[in-house]
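Chain residues, written in single-letter form:
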Amino acid sequence: MKIGVLAYQGSFEEHALQTKRALDKLKIDGEVIAVKRVNDLDVDGVIIPGGESTTIGIVAQRMGLLEPLKEKIMEGLPVLGTCAGAIMLAKDVSDAKVGKKSQPLIGVMDISVIRNYYGRQRESFEANVDLRSIGGGIEKVVFIRAPAIVKVFGNAKSLSQFKDVHVMVQENNLLATTFHPELSGTTIVHEYFISMIKK
Ligand code: GLN
């Protein structure tokens, strides 16, 4: 199994490590590669990490990766988008402060996302979220200038909520979290993503 992590900016290393831990735990022979160019897209699954979604989108567009990646995802390539990665996947994106502003997106998932939802007061925080729907427990996870998924429509299904918003949503081959599963003690989100790839 070959899993690619988009590696322009953000938590590439942490995702790569967490993916390897999950593969080991599941006793699956796999490798993790950095995705920067179209040639790197020959993978069984792809992770779009957190960071700054505007930067990730602009760089992906410049590298000519955005459209090929979108096509592969629409053809069924499993993708895990975390934080900025969840923003990249969403069909509907606005910013808590400035509202709608165009930015390069993949834009394939039936979710409405508000960037920087928690504002300055709570830029980063830890919280216990319920990951029992994917075989985990109540897990402590970290939110960093996190977005919120405020609406789930079409074929998307909410897998976890925190307060009044969704923090983990799946739509077929697409998995989005607003928190950072790569910075967590549990590997359950990566394990679940690997199970999506195996299907
Ligand atoms: N605030 C970032 C954005 O809007 C996301 C933060 C993150 O990925 N940790 O793109």
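Values in this document were obtained by computation on a predicted structure and should not be read as measured data. (Residues numbered from 1 in each chain as written. Predicted model: local features only at pLDDT ≥ 70, side-chain atom pairs only at ≥ 80, totals over all residues.)

Draft legend 1. Layout of unusual backbone geometry. The residue C83 is not glycine, and still its phi comes out positive at about 55°. Structurally, C83 can be placed in the loop between β4 (79-82) and α4 (84-89). The phi dihedral of K163 falls on the positive side, at around 55°, and the residue is not glycine. Take K163: it is sitting in the loop between β10 (157-162) and β11 (165-171). When the 7 C-beta atoms within 10 Å are taken as the criterion, K163 is described as exposed. (Helix = DSSP H or I, 4+ residues; strand = E, 2+ residues; numbered from the N terminus. Buried ≥ 20, exposed ≤ 12 C-beta atoms within 10 Å, placed from the backbone.)

Draft legend 2. View of the pairing of strand β6 (residues 109-115). Most of β6 is tucked away: five of the seven residues are buried. Bridging between β6 and strand β9 (residues 148-152) involves four bridges; their strand directions are antiparallel. Each bridged residue has a counterpart across the sheet, and for I111 the counterpart in β9 is V152. (Pairing = 2+ DSSP bridges.)

Draft legend 3. Highlighting the UniProt feature "active site" (unreviewed entry) in the protein chain. UniProt marks C83, H180 and E182 with the feature "active site" (unreviewed entry), using the numbering shown here. A maximum C-alpha distance of 10.9 Å is found for the annotated residues, which run over 100 residues; spatially they form one tight group. Those residues within four positions of C83 in sequence are excluded, and the remaining contacts are G50, I144, A146, P147, T178 and H180. Take H180: it is sitting in the loop between β12 (174-177) and α5 (188-198). Excluding anything up to four places from it in sequence, H180 contacts S11, G50, T82, C83, V141, V142 and I144. (UniProt positions renumbered as here; feature names shortened; annotations may be inferred. Contact = placed C-beta atoms within 7 Å.)

Draft legend 4. Seen up close, the site of the ligand. Every residue near the ligand is listed here: G50, G51, E52, S53, C83, A84, I87, R115, N116, I144, R145 and P147. Of the residues belonging to the shell around the ligand, the class tally is five nonpolar, four polar and three charged. (Near = placed C-beta within 6 Å. Nonpolar A, V, L, I, M, F, W, Y, C, P; charged D, E, K, R; others polar.)

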